[in-house]
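If you want the building blocks of each chain, they are given just below.
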Amino acid sequence: MKVVRFHAPGDVRIEDAPEPTPGPTDVKIRVRACSTCGTDVKISRFGHHHIAPPRVMGHEIAGEIVEVGADVTGWQPGDRVQVIAAIPCGQCAECRRGRMTVCPNQVSMGYHFDGGFAEHMVVPHNVLAVDGLNRIPEGLSFAEASVAEPLACVLNGQNLAGVGEGDDVVVVGSGPIGCLHVRLARSRGAARVFLVDLNRERLDLAANLVRPDAAICGAETDVVDAVLKLTEGRGADVVITATAAGVAQEQAVQMTARQGRISFFGGLPKDKPVISLDSNLVHYRELTIVGANGSSPEHNKEALRLIADGSVPVADLITHRLPLDRALDAFGIVARGEAIKVTIEP
């Protein structure tokens, strides 16, 4: 079979590999869709400390079961499934407290286990042990189901930030995550959602799909000033920084309303993790700043439900569908910001 395998930074190859064989507690699937994200681009260029090469990449996975291990129950060939990416241990103190997104023993598909940029892959017992293999609802395509994983991360972020009825929400970053934030905020009853990006072309591409109440280009206007004008001077109830930019986090504090919430959703580069924070704004406005790190198995289940019932449509966000042998082209499309979501269909 064909796979997309990471060997070293700058060395990702499409190559032949033997079909994997599941162990007695594993499941083997035929991958039908594996969506790409910015993390795949970063891994291809710089590697990752959790990846010991060679490793098959891809973590936004949907497919069809073709073989079930001898000790696995409840699953059979032909079942349509979505696979979680971040796999908590289910046993540690954090997991026992229901905090699976911050499990210190977490492992991941495409990092510690071979991922979904392949014709076939094994879903390891680690996934089954935490109920991380999900049935795809009737009528939902494999490509749409593969987007459940990033939506699950967005869901975790908005739960932590308390996005809800009547909120004015600012989403900074108009990539696929930003688009999902806009759609989820609307489904949760946000009054208005504003989308911000530095890149006018990328902002227009996203805005034409998700239709924010205002699209603000940071290269053309003062973002903080624009948000304050749009909110009659109050600021936004929630600001979500879905971008790896410290300046966006600094601006978020300046444009959040009293008792507002800020989600530092996008992590910063490891060599530039420190920002300048006006602590008095946090103090006097009684602001809440939260982080957001990945998703839990339960978030993945809810994300699938939200996509299936139409609360958060994702089909139109998949702007490119490419075969496995064009996966390297897909990374380039993502890196250049020419797409919202690129899905590989092996």
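Residues numbered from 1 in each chain as written. Predicted model: local features only at pLDDT ≥ 70, side-chain atom pairs only at ≥ 80, totals over all residues. Heavy atoms only, no water.

> Teacher, can you tell me more about the overall build of the protein chain here?
Helix and strand content of the protein chain: 12 helices and 18 strands. Scaling as 2.2 N^0.38, a compact globule of 346 residues should have a C-alpha radius of gyration of about 20 Å, and the protein chain matches this with 20 Å. Out of the 346 residues in the protein chain, the part that is buried amounts to 53%. At a minimum sequence separation of 6, the contacts of the protein chain that also span at least 24 residues come to 69%. Element-wise, carbon and sulfur atoms account for 48% of the exposed surface of the protein chain, whose accessible area totals about 14700 Å². If the 34 positive side-chain charges of the protein chain are averaged to one point and the 42 negative ones to another, these points end up 2 Å apart. (Helix = DSSP H or I, 4+ residues; strand = E, 2+ residues; numbered from the N terminus. Rg over C-alpha atoms; globule rule 2.2 N^0.38 Å. Buried < 20%, exposed > 50% of the residue type's maximum accessible area, 1.4 Å probe, protein only. Contact = heavy atoms within 4.5 Å. Areas by Shrake-Rupley, 256 points an atom, 1.4 Å probe, with all protein chains shown as cover. Lys, Arg positive; Asp, Glu negative; His and termini not counted. Charge placed at Lys NZ, Arg CZ, Asp CG, Glu CD.)

> Explain the nonpolar core to me, please; I cannot follow it from the model alone.
As a rule of thumb, nonpolar side chains are buried together in soluble globular proteins. Counting 44 residues, the largest nonpolar core has Leu151, Val163, Val169, Leu180, Val193, Leu195 and Val312 as its most contacted members. Listed by contribution, the elements that provide at least two residues to this core are helix H4 (142–146), helix H5 (148–161), strand E11 (168–172), helix H6 (176–187), strand E12 (192–197), helix H7 (200–210), strand E14 (236–241) and helix H11 (297–308). Looking at this core element by element, the count peaks at seven residues for H5. Discounting residues that sit within four places of it in the chain, valine 312 has contacts with Leu151, Leu180, Arg183, Leu184, Ser187, Leu306 and Ile307. With 37 residues, the next largest nonpolar core counts Val4, Ile43, Ile84 and Phe331 among its residues. (Core = buried A, V, L, I, M, F, W, Y, C linked by side-chain atoms within 4.5 Å.)

> Just checking my understanding: could you explain the pairing of strand E17 (residues 318–322) for this structure?
On any regular strand, side chains alternate: one points to one face of the sheet, the next to the other face. Two elements, E17 and strand E18 (residues 341–344), share four bridges in a ladder whose sense is parallel. Note that in E18 the partner of isoleucine 318 across the bridge is lysine 341. Note that the unit made of E17, helix H12 (residues 327–335) and E18 has a crossover that is right-handed. (Pairing = 2+ DSSP bridges. Right-handed = clockwise from strand over helix to strand, strands pointing away.)

> Just to check I follow, could you spell out the packing of H5 against H11 for this structure?
Any two packed helices are characterised by the angle at which their axes cross and by the distance between the axes. Contact pair H5 / H11: the axes reach a minimum separation of 8 Å and the direction vectors enclose 105°. Between H5 and H11, the angle is such that the two are roughly perpendicular. Residue-level inspection shows Ala148, Glu149, Leu151, Ala152, Leu155, Asn156 and Asn159 of H5 in contact with H11, the latter providing His299, Asn300, Glu302, Ala303, Leu304, Leu306 and Ile307. (Axes fitted to C-alpha atoms, helices over the stretch in contact; angles between N-to-C directions. Parallel < 35°, antiparallel > 145°, perpendicular 65-115°, else oblique.)

> Just checking my understanding: could you explain the environment of threonine 343 for this structure?
Relative to the assigned elements, threonine 343 resides in strand E18. Not counting residues up to four positions away in its chain, the partners in contact with threonine 343 are Ala33, Cys34, Ser35, Ala143, Ser146, Ile318, His320, Arg321 and Leu322. Side chain to side chain, threonine 343 and serine 35 meet in a polar contact 2.7 Å long. (Polar contact = N/O pair within 3.5 Å; in protein donor to acceptor, adjacent residues only side chain to side chain.)

> It is not clear to me how the sheet that holds strand E4 (residues 55–56) should be interpreted in this structure. Could you clarify?
Paired through their backbone hydrogen bonds, the strands of a sheet run either parallel or antiparallel. Overall, antiparallel pairing links the three strands, which are arranged E2-E1-E4 in an open sheet. Of all strands in the sheet, those with a lone pairing partner are strand E2 (11–16) and E4, marking the two edges.

> Could you clarify how one ought to interpret the pairing of E14 in this entry?
Taking burial as the measure, the six residues of E14 include six buried ones, the bulk of the element. Here E11 runs beside E14; their pairing, made up of four bridges, is parallel. Residue valine 169 lies in a different strand from E14, and its bridge partner there is valine 238. Where E14 lies against strand E15 (residues 256–264), four bridges are found, and the strand directions are parallel. Bridging from a neighbouring strand, valine 239 pairs with isoleucine 262 of E15. Taking the sense of rotation as the criterion, the β-α-β connection linking E14, helix H9 (residues 246–254) and E15 turns out right-handed.

> What exactly am I supposed to notice about the side chain of glutamate 144 here?
Along the polypeptide, glutamate 144 turns up in helix H4. As a buried residue without a salt bridge, glutamate 144 has its nearest oppositely charged side chain in arginine 321, at a separation of 6.3 Å. Of the polar contacts made by the side chain of glutamate 144, one reaches the side chain of serine 141; its length is 2.9 Å. With residues near it in sequence (within four places) discarded, glutamate 144 still touches Ile307, Val314, Ala315 and Ile318. (Salt bridge = Lys/Arg side-chain N within 4 Å of Asp/Glu carboxyl O.)

Read these as layout, nothing more, since geometry by itself doesn't imply function.
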